[in-house]
Structures are given as C-alpha cells and as structure tokens.
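# Structural description and commentary
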Amino acid sequence: MRVDLNLLRIFVAVASQGSFANAAKLLSMPTSNISRAIKQLEAQLNCQLIERTTRQMRLTEQGALLLKKSHKLYSELEETLQQIRDPRELCGTLRLTIPSESGSLLLAELLAKFAIEHPKLAIHCDTQLVPLDVISDDIDLLLTFHRGDLADSRYHSKLLKSWESVIVASPELIKTTGTPKTISQLSEMPCISSLSALHGQPWIFLEKNGQQKKVIVTSQYRVNSGMLASVGAINGLGYAILSKEACQDNLQQGKLVEIHFENIQPAPIELRAVYATRRSLSPIVDKFLSYLTQNL
C-alpha cells in the first residue's frame, strides 16, 4: 500500500507539536481529522506510531524514527521551495562543525558575513578541537583539516583551501641529529606529531607522480595545535610538519630550518568540507560551500 504524504505531513505536525490539539491549530483542521489521519497512516505502515492515553501521547520507536527522517525531508523541501521562490534568499537552518583553533580564526569573519547576507537563515555552528565523525541527521556539514585521502568512502568532500607543508627543525636539533636525507630517517629521529588531530595519522608525503608515502614517526611530544608544535620545534623538541605559511617568519629569522628531500615533499594540509553522500546538496549547503570557495 502506498503511503499518503499528506498523512505524513500531519504526523510530523502532531509529533513536533506534542499533541493532536496543537497540531490541529497549526494546520487549521478539526482534531477529529487529525486523529483519523494518524490512524490511516498507521494502517498504511502496518505499525503503531503514537501511543495514546487520556492525558498524554508519546512516539513509539517506529514513530520516533519516522519523525527524525521526515522532519529533515520536509525541512529540505521547504528550503528548495524557498530557493525556487527567491534564489537570493535562504531560510531554514545550517548546522555545521568546524575545528576550534585554526578553523575559528580562519572562518569567524566569513561565517558572520554569511549570516548578515542571509538574515532569515539560522546558523548553528559547533567548534571542536578534534572534529569527530559527526555527519548525521543533526549536522549538515563538517569542516576539517586533513592530509591525504579520506578514510570513509560513505562521505563526499570538497576541497576549500590547501596550504603547502614543510618539515622543520631548530638549528640546534639538526646539529645534534644531523640532517635527515630520506623520509625514512625521520622515523629514527625525535618528532612532534598530533595527539588526535588529523586522526593521529602518520606523516604523509607525495612523490612527483602523486603517489603517497607514509612515515610513522617517534613522538614523545604530541599536541593538537599547530602553534604548540611550532614552539616545540623552535625549542628543539623534535622535527615537525607544519604549514609553510604559518612558520614563514620563523624560517626567515633562522629559528627554524626547512628540511628538503629529493623527489618527495610533505602532503599539503587541506581544509575540506565533508558531507554525507547525497545525489544533490541542499540549497543552503550548496550556497554556503560556494561562498567559502569564493572567499577563502
């Protein structure tokens, strides 16, 4: 039996409003019609969606699942209809997660200006030092720093910005260890690596043909901050892989020395937008990604 989508709309109203009476007011319908519609929907789905008593109602497990999925579908449909009515104006909610340190510094101004350009759009932005696997019905977009390929093929990603990476160390440390000639020698030397940022992954290098090479380094000093890694390198705690842009001043002042390798270089650090696999992006996410691409 086919499911009547009009009945689904009524169910969403009842479940969201918490009562048949409130849903009736919202939809300008008699309460009896609301109750009859829910019974018809339950018959079409062959399961109970709402448990009713004389004083209250609550969703069954199936009802809660249906609400979770349906609410998002109707939200995206409303966004699409609004986009058709007025392509320049966004409404609805954009829910995203960004890295809390460098991501906040990089994106704060852009996010504020995007909010000003779209006053009817609600923006919910969470910041996490180490963005987790949070692509779900509660999050539209995850912005994260990354090197190499994404491990999870369920997700799509869009490259927003890329920074050249370099291997650096203090002059004093280089005098002690000698200059590494190959990337494999780095595994035998003190290095500064991430604790859990970038998934604590090995150092990734790219050959001229684009092939990846990984080096597992030895780290007694592990930090989730480019700033902490840079200061640690200046103080001789180990070799570090950093954004060249971020440590350019220290390189020019001689506080750090760049280590070069023949025919291979560190993989760039990338800011990527990660989102669940879909045939098409919602108008809000699509416009926000275009905005970031143009302004970053």
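Report on the accompanying structure. (Residues numbered from 1 in each chain as written. Predicted model: local features only at pLDDT ≥ 70, side-chain atom pairs only at ≥ 80, totals over all residues. Heavy atoms only, no water.)

### Observations regarding the overall build of the chain
Cut-off, in case you're wondering: Under the scheme used here, helices are H or I runs from DSSP no shorter than 4 residues and strands are E runs no shorter than 2 residues, and both carry numbers assigned from the N terminus. Exposure is judged per residue with a 1.4 Å probe applied to protein chains only, and the accessible area is read against the type maximum: over 50% gives exposed, under 20% gives buried, and values in between give partly exposed. The contact criterion used throughout is that any non-hydrogen atoms of two residues lie within 4.5 Å. Only the protein chains shown count as covering a residue, and every accessible area follows the Shrake-Rupley method with a 1.4 Å probe.
A tally of helices and strands in the chain yields nine helices and 15 strands. By the burial criterion, 41% of the 296 residues in the chain qualify as buried. The contacts in the chain between residues at least 6 apart in sequence include a share of 73% that link residues at least 24 apart. Looking at the chain as shown, the accessible area adds up to about 16,900 Å², and 51% of this sits on carbon and sulfur atoms.

### Thoughts on the nonpolar core
The criterion, for reference: Here, nonpolar core refers to any group of buried Ala, Val, Leu, Ile, Met, Phe, Trp, Tyr and Cys residues whose side-chain atoms link them within 4.5 Å.
Ranked by internal contacts, the top residues of the largest apolar core, which has 24 residues, are Leu 94, Leu 141, Leu 143, Phe 288 and Leu 292. Elements represented by at least two residues in this core include exactly β3 (92-99), α5 (102-117), β5 (141-146), β6 (155-163), β15 (269-276) and α9 (283-295). In terms of residue count, the dominant contributor to this core is α9 (six residues). Setting aside anything within four residues of it in sequence, one finds Phe 288 in contact with Leu 94, Leu 96, Leu 111, Phe 114 and Leu 141. Counting 20 residues, the second-largest nonpolar core is a separate cluster that includes Ala 15, Phe 20, Ala 37 and Leu 41.

### Some thoughts on the sheet that holds strand β8 (residues 190-193)
Worth spelling out the cut-off: Two strands form a pair only when DSSP identifies at least two bridges running between them. Working convention: axes come from line fits to C-alpha atoms, limited for helices to the stretch in contact. Angles between N-to-C directions cover 0 to 180 degrees.
Here five strands make up an open sheet; going across it, the order is β11-β8-β12-β7-β13 and the pairing mixed. Here the strands that pair on one side only, and so sit at the sheet edges, are β11 (218-222) and β13 (257-259). Looking at each pair of strands side by side, their axes are set apart by 45° on average, direction ignored. Both strand β7 (residues 165-169) and strand β12 (residues 239-243) contribute to a ladder of four bridges, which runs antiparallel.

### Description of the pattern of salt bridges
Side chains that differ in sign of charge can pair as their charged atoms come close. Keep this limit in mind: Salt bridge, as applied in this entry: a Lys or Arg side-chain nitrogen positioned within 4 Å of an Asp or Glu carboxyl oxygen.
For the structure shown, the criterion picks out five salt bridges. Linking Glu 51 and Arg 58 is a salt bridge whose minimum nitrogen-to-oxygen distance equals 2.9 Å. For Lys 244, the salt bridge is made with Glu 258, and the minimal N-O distance between the two is 3.6 Å. Linking Lys 244 in the loop between β12 and α8 (248-252) with Glu 258 in strand β13, this pair joins segments that are 14 residues apart in sequence. Take Lys 244: its relative accessible area is 21%, and that puts it in the partly exposed class.

### Concerning helix α2 (residues 20-27)
Residues three or four positions apart in an α-helix share a direction because the helix packs 3.6 residues into each turn. Applied cut-off: Think of it as the arc spanned by the lines of direction from the helix axis to the C-beta atoms.
Within the span of α2, buried status applies to Phe 20, Ala 23, Ala 24 and Leu 27. When α2 is viewed along its axis, its buried side chains cluster within an angular range of 105° and face the same direction. Residues Lys 25 and Leu 26 are exposed on α2 and point more than 90 degrees away from its buried face. Check the buried side of α2 and you find it contacts α1 (5-17), α3 (31-45), β1 (50-52) and β2 (57-59). At the exit of α2 stands Ser 28, carrying a positive phi of roughly 55°.

### Some details on the packing of α5 against α9
Formally: Should an angle lie under 35 degrees it is considered roughly parallel, over 145 roughly antiparallel, and from 65 to 115 roughly perpendicular; all remaining angles are considered oblique. By definition, turning the near helix anticlockwise from the far helix through less than a right angle yields a left-handed crossing, and turning it clockwise yields a right-handed one. Three residue categories are used. Nonpolar comprises Ala, Val, Leu, Ile, Met, Phe, Trp, Tyr, Cys and Pro, charged comprises Asp, Glu, Lys and Arg, and polar comprises the others, including Gly.
The geometry of α5 relative to α9 is characterised by a closest axis approach of 11 Å and an angle of 130° between their N-to-C directions. Considered as vectors, α5 and α9 are oriented oblique to each other. Remark: the crossing between α5 and α9 carries right-handed chirality. For the pair α5 and α9, the contacting residues are Leu 107, Leu 110, Leu 111, Lys 113, Phe 114 and Glu 117 in the first and Lys 287, Phe 288, Tyr 291, Leu 292 and Asn 295 in the second. Of the residues assigned to the contact of α5 with α9, the class counts are seven nonpolar, one polar and three charged.

### Description of the side chain of Ser 219
Keep this limit in mind: Counted as a polar contact is a pair of N or O atoms within 3.5 Å, where, for protein atoms, one must be capable of donating a hydrogen and the other of accepting one, and residues adjacent in sequence contribute only when both atoms are in side chains.
Inspection of the secondary structure assignment puts Ser 219 in strand β11. Of note is the side chain of Ser 219, whose polar atom sits 3.4 Å from the backbone oxygen of Cys 191. Side chain to side chain, Ser 219 and Ser 193 meet in a polar contact 2.7 Å long. Setting aside residues no more than four positions away along its own chain, Ser 219 makes contact with Cys 191, Ile 192 and Ser 193.

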